[in-house]
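So you can see what is in the structure, the chains are spelled out below.
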Amino acid sequence: MQSDRQTIFALSSGRPPAAIAVVRVCGPKAFVALEKLIGRVPRARQAALARVREPVSGEVIDEALALWFPGPHSETGEDMAELQVHGGHSVVAALLDALATIEGCRLAEPGEFTRRAFENGRLDLTEVEGLADLIAAETPAQRRHAFRQLKGLIGNRAEEWRRKIIEALALVEARIDFTDEADVPEDLVTPALRAAQQLRSMIGEALANSGRGERLREGLVVAIAGPPNAGKSTLLNRLARREAAIVSPIPGTTRDVIEVHLNLGDYPVTLLDTAGIRDSTDPVEQEGVRRALARAEEADLVLWVIDGSVTGGATGENPENHIKSEVWLLRNKLDLAVDKLCTSSESRSTRAFAISAATGAGMDTLISALTAYAGNYFAATESSIITRTRHRRALEETVGALDRALAQGTGGSEELIAEELRSAGTTLGRLTGRVDVEDILDVIFRDFCIGK
Ligand code: GDP
């Protein structure tokens, strides 16, 4: 299968210029590529210092550390070569150009190395997702969780569950297919259903304990909302500046909602500035308001900012009218009117803070409260195995199929039980990206020695 595969190469390290650039080559021509570029192939998995030359002219491009990882025990499962060169623009460009001149070699597409690792069975789908999450991780909690997923936290569990389902299915199928055989025990359905029942509890438990695993990827969403000029943008800037770990704005951010990622007590928090929330007749602005509201509505927590320095200050629309999330009331501009801020009454259901986004007064209290909130919110999520809706859906479908199989009971239709078990196995197989009916046959013949 490898021979008709193209060999791919790419710069695997960050954007030049950098101290070092790592260029990887993967596929059947990786061996040839090393020979052409450095005149030899180093011993497997041992770094070698070598001159890298342009294959046709022989001109020296750079001196590199070269590594050779023969398949199938490489990261992608195919032959791989790695060259660590100096990370200058021209060095990298010359090396990539040189690779492109080698027949059968082309620049890799995004994610293509990982894609090959998946196709070659080196990573299952959940591990591929874990790898993507690890690269995207912005906080220690996200990093730890992604790493565990990359190492099979959910994939291995799902594979184990799927094997058990296949074993249960094999029992029922044997009952169906070989009813006349003398050496097939009469009651195979009871142990099959018992196994299904156990699995159902285990998967149900994993679903119940999954807490906010999915949120760990995107962060706790905190929306800053309130009437115009209350100081929302000032607050966002202060929070962002204060918690130095501001990270990339999410792609697709509209001009209506600004997103900032923070690291609060090691947990990821996405702050939304919905500065545009106000009544408007301009259709474009209305659309902005609509989006801002929609985003605020799906937030876990809303910080409703008002100008506390104005007597009887406008609180804007009552946030609880359209926001279902928890709302904290932030009376801003404490620096302008301390007395008024302290005397105003507040609704019992809302936590209130007096702050000055401009001077920073009251911010410590607010940040501690936010950090505690994030800690509570994420408590127990780190042990959760579910980090994506896809996982949750697959596990829910599996539980649904198991429930339908169990509903048949021992006196029920063997065909229907088999069908539901098969479908439970398929949904789990889809979770890890490995659906294979051959497995079922293997188990039948291994466990029953039918001998025909
Ligand atoms: P937004 O429309 O809610 O985003 O409000 P901005 O953040 O743009 O602030 C509106 C105005 O209030 C600006 O002139 C800010 O400098 C000012 N402002 C914001 N927070 C404070 C504060 O705590 N104290 C004082 N004195 N002014 C503030």
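These figures come from a predicted structure and were not determined experimentally. In this numbering scheme, every chain counts its residues from 1 along its sequence in written order. Reporting in this predicted model follows two pLDDT cut-offs: at least 70 for local features of residues, and 80 or more for side-chain atom pairs to be given and counted; totals over whole chains, interfaces and linings ignore these cut-offs and use all residues. Where side-chain values are given, they derive from all heavy atoms of the structure, hydrogens and water being excluded.

Chemist: Before we go on, may I ask you to explain helix α1 (residues 30-38) in this structure?
Modeler: For an α-helix, the turn length of 3.6 residues means that residues three or four places apart are oriented alike. Partly exposed residues are those whose accessible area sits between 20% and 50% of the maximum for their type, while under 20% is buried and over 50% is exposed, using a 1.4 Å probe and protein chains only. Helix and strand labels come from DSSP, where a helix needs a run of H or I of at least four residues and a strand needs a run of E of at least two; each type is numbered from the N terminus. For α1, the full list of buried residues reads Ala30, Ala33, Leu34, Leu37 and Ile38. All buried residues of α1 project into a common sector of 100° when viewed along the axis, lining one side. Only heavy atoms matter for contacts: two residues are in contact if any of them lie within 4.5 Å across the pair. Buried-residue contacts for α1 involve β1 (7-11), β2 (18-26), β3 (48-53), β4 (60-69), β5 (80-87) and α2 (89-100). A positive phi of about 80° marks glycine 39, the residue just after α1. Directions are taken from the helix axis to each C-beta atom, and the arc is the one they span.

Chemist: Quick question: what am I supposed to make of the nonpolar core here?
Modeler: Among soluble globular proteins, nonpolar side chains are generally buried collectively. Core analysis: the largest hydrophobic core is formed by 33 residues, its most contacted members being Leu235, Leu239, Leu303, Trp328, Leu330 and Leu366. Elements with a minimum of two residues in this core: β7 (220-225), α9 (232-242), β8 (258-264), β9 (267-273), β10 (301-307), β11 (326-332) and α12 (363-378). Ranked by residues supplied to this core, first place goes to α12 with nine residues. For leucine 239, the residues in contact, after removing those within four places along its chain, are Ile224, Leu262, Leu271, Met363, Ile367 and Leu370. Core analysis: the next-biggest nonpolar cluster, separate from the first, contains 31 residues, Ala196, Ala405, Leu406 and Leu431 among them. Side-chain atoms within 4.5 Å are what join buried Ala, Val, Leu, Ile, Met, Phe, Trp, Tyr and Cys residues into a set we call a nonpolar core.

Chemist: Honestly, the site of the ligand in this entry has me stumped. Any pointers?
Modeler: If a single non-hydrogen atom of a residue is within 4 Å of a molecule or strand, that residue counts as near it. Of all residues adjacent to the ligand, which total 15 residues, the nearest are Asn229, Lys232, Ser233, Thr234 and Asp335. Within the backbone of glycine 231, an N or O atom sits 3.0 Å from an oxygen atom of the ligand. Within 3.5 Å is the distance limit for a polar contact, defined as a pair of N or O atoms, with the added protein rule that one can donate a hydrogen and the other accept it, and that residues adjacent in sequence qualify only through two side-chain atoms. The side chain of threonine 234 places a nitrogen or oxygen atom 2.6 Å from an oxygen atom of the ligand. The element that contributes the greatest number of residues to the shell around the ligand is α9, accounting for three residues. Residue polarity is assigned by list, with Asp, Glu, Lys and Arg as charged and Ala, Val, Leu, Ile, Met, Phe, Trp, Tyr, Cys and Pro as nonpolar; anything else, Gly included, falls into the polar class. Of the residues contributing to the shell around the ligand, the split by class is six nonpolar, six polar and three charged.

Chemist: Is there a simple way to explain the pattern of salt bridges in this structure?
Modeler: Side-chain pairs of opposite charge can arise where the charged atoms are in close proximity. Take a side-chain nitrogen of Lys or Arg and a carboxyl oxygen of Asp or Glu: if they are within 4 Å of each other, that pair is a salt bridge. In this structure the tally under the stated criterion is 18 salt bridges. For glutamate 63, the salt bridge is made with arginine 51, and the minimal N-O distance between the two is 3.6 Å. Note that glutamate 63 is positioned in strand β4 and arginine 51 in strand β3, a separation of twelve residues in sequence. Of the residues examined, arginine 51 reaches a relative accessible area of 46% and is grouped as partly exposed. Of the charged contacts, one joins aspartate 307 and lysine 333 as a salt bridge, the two residues approaching to 3.3 Å between their closest N and O atoms. Within this pair, whereas aspartate 307 is found in strand β10, its partner lysine 333 is found in the loop between β11 and α11 (338-343), the two being separated by 26 residues in sequence. Here aspartate 307 falls in the buried class, since its relative accessible area comes to 16%. Residue lysine 333 is classed as partly exposed on the basis of its relative accessible area of 22%.

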